[in-house]
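Letter by letter, the chains look like this.
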Amino acid sequence: QVQLVESGGGLVQAGGSLELTCAASGRTFGSYNMGWFRQAPGKEREFVAAIRWSGGGTYYAESVKGRFTISRDNAKNTVYLRMNSLKPEDTAVYYCAATMSIAVVAATTYNYWGQGTQVTVSS
């Protein structure tokens, strides 16, 4: 129903900014809630941000509030994650995901996942 491809990861110094892009393919993209998750080595996959299908509601992990911004353009089938004031603890593989569930902060509710993009923040 939907395929996701992340891009925009890379190496950035602490305090810098980076924008991730999730390109989606699927005729029903606009019907899905979209989320960003991340996973660091030896750690559990954790919720980062999510946005409702309408774009009218956004949700953020406490650790990224005020620094990250999620947005979407349904006409372009694209989701973005703008990351500002990056910290070394933000280093992880970032995944884009899609769900029709209202429980957007839980990884287990997502049906579709991208392959991930590496974000590394140096000290």
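That block above? That's the structure.
Reading the values: the criteria
- Residues numbered from 1 in each chain as written.
- Predicted model: local features only at pLDDT ≥ 70, side-chain atom pairs only at ≥ 80, totals over all residues.
- Heavy atoms only, no water.
- Pairing = 2+ DSSP bridges.
- Helix = DSSP H or I, 4+ residues; strand = E, 2+ residues; numbered from the N terminus.
- Axes fitted to C-alpha atoms, helices over the stretch in contact; angles between N-to-C directions.
- Buried < 20%, exposed > 50% of the residue type's maximum accessible area, 1.4 Å probe, protein only.
- Lys, Arg positive; Asp, Glu negative; His and termini not counted.
- Salt bridge = Lys/Arg side-chain N within 4 Å of Asp/Glu carboxyl O.
- Polar contact = N/O pair within 3.5 Å; in protein donor to acceptor, adjacent residues only side chain to side chain.
- Contact = heavy atoms within 4.5 Å.

Colleague: Explain the sheet that holds strand 8 (residues 78-83) to me, using residue names and the numbers behind them.
Modeller: Taken in spatial order, the 4 strands line up as 1-3-8-7 in an open sheet, and their pairing is antiparallel. Both outer strands of the open sheet, strand 1 (3-7) and strand 7 (68-73), are each paired with one neighbouring strand and no more. The average undirected angle you get between the axes of adjacent strands in this sheet is 15°. Bridge count for strand 3 (residues 18-25) against strand 8 is 6 bridges, and the pairing is antiparallel. By the bridge assignment, Cys22 is partnered in strand 8 with Val79.

Colleague: Could you give me a rundown of the side chain of Arg72, with the residues and numbers involved?
Modeller: Positionally, Arg72 belongs in strand 7. For the buried Arg72, no salt bridge exists, and the shortest N-O distance to an oppositely charged side chain is 8.2 Å, to Asp73. Of note is the side chain of Arg72, whose polar atom sits 2.8 Å from the backbone oxygen of Tyr32. Among the polar contacts made by the side chain of Arg72, one reaches the main-chain carbonyl oxygen of Arg52 at a distance of 3.1 Å. Residues contacting Arg72, with those up to four places away along its chain left out, are Phe29, Gly30, Tyr32, Asn33, Met34, Ile51, Arg52, Trp53, Gly55, Thr78 and Val79.

Colleague: So what's going on with unusual backbone geometry? Which residues, and what values?
Modeller: Phi is positive for Asn77, close to 55°, though the residue is something other than glycine. Judged by relative accessible area, which is 21%, Asn77 ranks as partly exposed. A positive phi angle is found at Ser85, which is not glycine, with a value near 50°.

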